[in-house]
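Notes for the structure review
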Amino acid sequence: MKKILVINPGSTSTKFAVFHDDKPVFQKTLRHQGEELAPYPTVASQYEFRKETILKALREEGIAEDFDIIVGRGGLLKPIASGVYEVNEAMRETLLAAKYGEHASNLGGLVAADIAKTVGCKAVIADPVVVDELQDVARVSGHPLLPNISIFHALNQKAIARRYAKECGKKYEEMNLIVAHLGGGISVGAHNYGKVIDVNCALGGNGPFSPERVGTVSATGLMELCFSGKYTKQEVKKMLVGNGGLMAHCGSNDAYVVEQRAESGKDPHAALIYDAMAYTVAKEAGAMATVLKGKVDAILLTGGIAYGKGFCKYIEDMVGFIAPVKVYPGEDELGALAENGLRVLNGEKCLTYEE
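Residues numbered from 1 in each chain as written. Predicted model: local features only at pLDDT ≥ 70, side-chain atom pairs only at ≥ 80, totals over all residues. Heavy atoms only, no water.

Once that is clear, we can look at the packing of helix α10 (residues 255-263) against helix α11 (residues 268-291). A pair of packed helices can be characterised by two numbers: the angle between their axes and the separation between those axes. Across the interface, α10 lies against α11 with an axial gap of 7 Å and an inter-helix angle of 125°. Looking at the two axes, α10 sits oblique to α11. In the packing of α10 onto α11, the handedness of the crossing is left-handed. Mapping the contact onto sequence places Ala-255, Val-258, Glu-259, Arg-261 and Ala-262 in α10 and Ala-270, Ala-271 and Tyr-274 in α11. Taken together, the residues of the contact of α10 with α11 break down into six nonpolar, no polar and two charged. (Axes fitted to C-alpha atoms, helices over the stretch in contact; angles between N-to-C directions. Helix = DSSP H or I, 4+ residues; strand = E, 2+ residues; numbered from the N terminus. Parallel < 35°, antiparallel > 145°, perpendicular 65-115°, else oblique. Left-handed = near helix turned anticlockwise from the far one by under 90°. Contact = heavy atoms within 4.5 Å. Nonpolar A, V, L, I, M, F, W, Y, C, P; charged D, E, K, R; others polar.)

Let us now look at the layout of surface pockets. Approximately 1900 Å³ is the volume found for the largest pocket. What lines the largest pocket is a set of 50 residues, among which His-103, Leu-203, Glu-212, Arg-213 and Val-241 lie closest to the centre. For the lining of the largest pocket, the elements supplying multiple residues, two or more each, are β1 (3-9), β2 (13-20), β7 (176-182) and α8 (233-240). Per-element tally for the lining of the largest pocket: the top contributor is α8, with four residues. When the residues that make up the lining of the largest pocket are grouped by side-chain class, the tally is 19 nonpolar, 18 polar and 13 charged. Approximately 830 Å³ is the volume attributed to the second largest pocket. Looking at the second largest pocket, it is lined by 27 residues, and the ones nearest its centre are Leu-146, Pro-147, Asn-148, Gly-205 and Asn-206. Of all the elements in the fold, those that place two or more residues in the lining of the second largest pocket are α5 (136-139), β9 (195-199), α7 (219-226) and α11. For the lining of the second largest pocket, a count of residues per class yields 15 nonpolar, ten polar and two charged. (1 Å grid on protein atoms, 1.4 Å probe; cavity = no way out; pocket = protein on both sides within 12 Å on 5 of 7 lines; lining within 4 Å. Points joined across faces, edges and corners; volume = space filled by probe spheres on them.)

Interaxial distance between helix α2 (residues 47-60) and helix α4 (residues 106-119) falls to 9 Å at its minimum, and their mutual angle equals 60°. Here α2 is positioned oblique relative to α4, judged by the angle of their axes. The chirality of how α2 crosses α4 is right-handed. Judged by residue contacts, Tyr-47, Glu-48, Arg-50, Lys-51, Ile-54 and Leu-55 of α2 engage Leu-107, Leu-110, Val-111, Asp-114 and Ile-115 from α4. Each residue belonging to the contact of α2 with α4 can be placed in one class, and the counts come to seven nonpolar, no polar and four charged.

It is worth spelling out empty space enclosed by the protein at this point. What the rule picks out here adds up to one cavity of 30 Å³ or more. One number sums up the size of the largest cavity: a volume of about 50 Å³. Around the largest cavity, the lining residues are Ile-186, Asn-200, Cys-201, Ala-202, Gly-204, Gly-205, Asn-206, Pro-208, Arg-213, Val-214, Gly-215 and Leu-240.

Let us now look at the sheet that holds β1. On the basis of which strands lie adjacent, the open sheet formed by six strands has the order β3-β2-β1-β4-β6-β5 and mixed pairing. The open sheet is flanked by β3 (23-31) and β5 (84-86), the only strands paired with a single partner. Between one strand and the next, the sheet's axes are offset by a mean angle of 25°, whatever the strand orientation. Where β5 meets strand β6 (residues 122-126), three bridges bridge the pair, whose relative direction is antiparallel. Looking across to β6, one finds that Glu-86 is bridged to Val-124. Lying on the sheet, α4 is in contact with β1, β4 (69-73) and β6; it crosses β4 at an angle near 160°. (Pairing = 2+ DSSP bridges.)

With that settled, consider the pattern of salt bridges. One pass over the structure, following the stated rule, counts 20 salt bridges. Between Asp-136 and Arg-139 there is a salt bridge whose closest N-O contact spans 3.8 Å. With Asp-136 and Arg-139 both in helix α5, this residue pair falls three residues apart, about one helical turn. A relative accessible area of 61% places Asp-136 in the exposed class. Residue class for Arg-139 comes out partly exposed when judged on its relative accessible area of 28%. Among the ionic pairs, Asp-317 bridges to Lys-313, the shortest N-O distance being 2.9 Å. Residue Asp-317 and its partner Lys-313 are located together in helix α12 (residues 309-319), separated by four residues, close to a single helical turn. (Salt bridge = Lys/Arg side-chain N within 4 Å of Asp/Glu carboxyl O. Buried < 20%, exposed > 50% of the residue type's maximum accessible area, 1.4 Å probe, protein only.)

Set out below in structure tokens:
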């Protein structure tokens, strides 16, 4: 039996779990109040605090720190291939300096490495959001200063794709799949025999709008807004990520709340916006079908919004002619991290991160 600790930090929470092989035996979410995080000027500077809260919870539960491997959620690094990476000094320095941006997921590798050093085991990250397997033609936009980039929900998309392939008695690398992660951000990827060869940039980029992100908007309209003198750079940035999407249209970034308003029959505006979000997801899935030249084994819908049966039905009605649609509601990022850690313990080689 292999004992695995997995860590998934969020902006105001730390989720972690202990697995025995692929079976979870303990799971906890620690919520962090604003006053707890206020003393830390940067996200990276929180890592000692986050580490101690995890260790304290484990000790209170009587769980020994004799882990075989520790897996952290991957953060903002340079674009890298899909896989499992051992946390080395180059990665630690990059995450500590927030070289590619500040994000709570940066803490995953830092906390994992610190605990692993004490325990005497390996610390790794798996399929961070910067996984980049784009085919060259997918990188080209209409201007060389604005190339298309790959930032998406790689961990969950890959895990769901592998799960579906296993259910079909096949390998992930033998299938063509379209996977849509439906959460606070939305990403739709074309999985071509084990590689995501095209995907919308889910963080402040293009594609479907989401509960709090604008997705594709008019470039000239955005330019006019930026130079109108009415908004600061920070305000515009917040419109794109944080206050866009459902938040901008409906005043809430909670898809379930908007869904309830839409289905009540009393809020036609919420119904229109909710349908429009599903419409943009379906459009993106259709685009990814062309990337795969129409040879699609299945379209998979996952993430928190996938609990919305009406939302998924809207998408299926639009794209069902392309391939069968299967829904995997929610996301099991802790399980996906543990699965990657177990693959390493079973002999899969770790990749090396280099700057």
